[in-house]
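# Tertiary structure, described
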Amino acid sequence: MSAFGNPQTQVAFSVFENKGVFAMLLGSGLSRAAEIPTGWEITTDLVRRIATAEGVEEQADWAQWYRDKHGEEPDYSALLDALSSTPAERRQIIHSYIEPNEKDREEGRKVPTAGHKAIAQLVRDGFIRIIVTTNFDRLMENALREVGVEPTIVSSPDALKGAEPLAHTACYILKLHGDYKDARILNTEEELGVYPNEYNALLDRIIDEYGLIVCGWSGEWDAALRAAILRAPNRRYPLFWATRGALKGRGKELCDHRRGIEVPISDADGFFSGLADQVRTLAETQRKNPAEIAFLISRTKRYLTKLEYRIQLSDLIDGEVQKIIDRLNEADMAPDGHVTPELFKKRVDVYQSVGEGLVKVCGLIGVWGDASQLRLAADAIRNLWTTLQTPRGGKVVYLGMRGYIPLLAAHALSLGLIKSSRWKEYRDFLRVEIPGESNAEGTIGGDVTSLLWRGNDKNLWNLLYDQRNRHAPLSDHLHDYLTVASRDYLGVIPDFTGLYLLSEALPALASIDGHSLEDLMDKLSEEAGSQKGHYWMPVWGRLGWDSWPVKRLLERLETEKFARELSDAGFGGGNIAVVKATVVHLRRALASVHWY
């Protein structure tokens, strides 16, 4: 099974990680959105125009009518000659099919589409250099020039002789069927059956040395192009075939022969726009390849099975920590500059991308790790936290954010422990000592949980939600992010929200269970509902507003069985009565929450 949930994501990673080694093979489907007719459609329309001028009635199939009358295939060049007497007339006829007039431009016809523009962005950024196309319009060239790229264009064997070599051009366009301003364009099945030797040699090199992304071409027509793909000897890089619906017939045969990957799409514009966006996001965030993450998860699981892999597991964790430190110390992640919704979202994406490996390793250790492996994970979180909290200048909000990856890792490990009901290990993890603010003594439970982390700035995290005034935007974001990200280490969780809320409630209980039973009861004897009727507890996350799941959570916490499990694990100092009293404090604290 592929590590990629979506084939388009696999295309994006392949293009990003193999910069410049994929060629595009583009067919008429790309220009369809621009309402540019294919060469064959123009040819049959020329037949219609000539026949209509001669008084012939409308035909269901003008090409067949031409064959029946003349005993040969319609020929683009001959038909143009029949309709025009001068080169100027000839050009005018061609332009009427291809060149936009003022009304076309106003209505977005016969101009580069979103797909053309997205490909041009990929070329400009160096990800794509070779474009092979059966289209004879100039929309691709125009889109490239709009972004400052002047392509090398080969539309005839003559042009090939004087063209720059593939390796020396920023963008090389091979127009297999010719250019619409050249009467030698290829249209008929016979014309498309054999390419000039020069084309065949160039195609052989491209298909042999580059990966292919096919879009807008069915594979049914153009026997010479099919033959070039079939005779290519190597598969150094993959073939991706973007298709609306399942490939059929000759296209399916070609894709299977090359062991290609079908990429379902709705249309060419959406496919290429999405591809360009994904590649740009990968470049900005340096997100790990899903296959790399899958391999990391597999290695971690193997190392967790046997004690003799302790050194390998330690090295793996240390390697992930060092990658994070190196990335966050790069200039673009310095804790300075403006704070805008776009820049903040980008920074969150970078943190989540670079920390993904460590976070999932910690989650697996939470579920399956023994005491020594849990110490490795806790040490990694503490060391990363300590390194990233080293005093330095910068914006307070960005300085606070540097603890975000340790927060994610701690939360993943916590969820793993809670899912496995490893209450003692979880209690011990909350008590792991780390440097607090201003190098004061702190703990993971007191500094690296979502409700107590100093980076939990409500106004800042609301930037993720277009500044809507959510009560607990960081908590909501963590819940939504971890719902998906945790599947690699938690598996399928029927009630993830309940698990997440427990990861907020237990640190709140632990924050006051150092009090004696007498102190807790004395506090509860004060007027309920006032700030005096309970000890202060951190409850202003999702725990403070998600009422129905919280109701179920409190009912579980109040059961004798669960209170006994917690006290046996050391909560409440091992005293079940203290645990029960802290739950009453939690209920009162939640009842007193007032959002602003």
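Calculation criteria
Counting starts from 1 at the beginning of each chain's written sequence and moves along it residue by residue. Reporting in this predicted model follows two pLDDT cut-offs: at least 70 for local features of residues, and 80 or more for side-chain atom pairs to be given and counted; totals over whole chains, interfaces and linings ignore these cut-offs and use all residues. Note that water and hydrogens are dropped before the side-chain values are worked out from all heavy atoms of the structure. Centre distance within 6.5 Å is the pairing criterion for rings of Phe, Tyr and Trp, where only the six-membered ring of Trp is used; planes under 30 degrees apart are then read as stacked, over 60 as edge-to-face, and the remainder as tilted. Each helix corresponds to a stretch of at least 4 residues labelled H or I by DSSP, and each strand to a stretch of at least 2 residues labelled E; elements are numbered beginning at the N terminus. Each residue's exposure class comes from its accessible area (1.4 Å probe, protein chains only) as a fraction of the maximum for that residue type: buried when under 20%, exposed when over 50%, partly exposed otherwise. We call two residues contacting when some pair of their heavy atoms lies within 4.5 Å. Strand pairing follows a simple DSSP-based rule, namely that at least 2 bridges must link the two strands. Every axis in this analysis is a line fitted to C-alpha atoms, fitted for helices over the stretch in contact. Angles between the N-to-C directions lie between 0 and 180 degrees.

With that out of the way, let us pick up the packing of aromatic side chains. A complete count under the given rule lists 16 aromatic pairs for this structure. When the centroid spacing of 6.1 Å and the interplanar angle of 25 degrees are considered together, the rings of Tyr 404 and Trp 453 count as stacked. On the criterion of sequence distance, the pair formed by Tyr 404 in helix H20 (residues 404-419) and Trp 453 in the loop between helix H22 (444-447) and helix H23 (458-461) is long-range, its members being 49 residues apart. Note on accessibility: Tyr 404 and Trp 453 belong to one class, buried.

Glancing now at the environment of Ala 409. Looking at the secondary structure, you find Ala 409 in helix H20. C-alpha of Ala 409 to C-alpha of Gly 355: the two residues are 54 residues apart in sequence and 8.0 Å apart in space.

A separate point is the side chain of His 411. Looking at the secondary structure, you find His 411 in helix H20. In this structure His 411 comes out as buried when scored by relative accessible area, which is 7%. Leaving out residues up to four positions away in the same chain, His 411 has contacts with Ser 450, Leu 478, Leu 482, Tyr 500 and Ser 503.

With that out of the way, let us pick up the sheet that holds strand E4 (residues 172-175). With parallel pairing, seven strands are arranged side by side in an open sheet as E3-E4-E2-E1-E5-E6-E7. Either end of the sheet is taken by a strand with one partner, and the two such strands are strand E3 (152-154) and strand E7 (261-264). Taking the axes of each pair of neighbouring strands and ignoring which way they run, one obtains an average angle of 20 degrees across the sheet. Where strand E1 (residues 22-26) meets strand E5 (residues 211-215), five bridges bridge the pair, whose relative direction is parallel. If you follow Met 24 over to E5, its bridge partner there is Ile 213.

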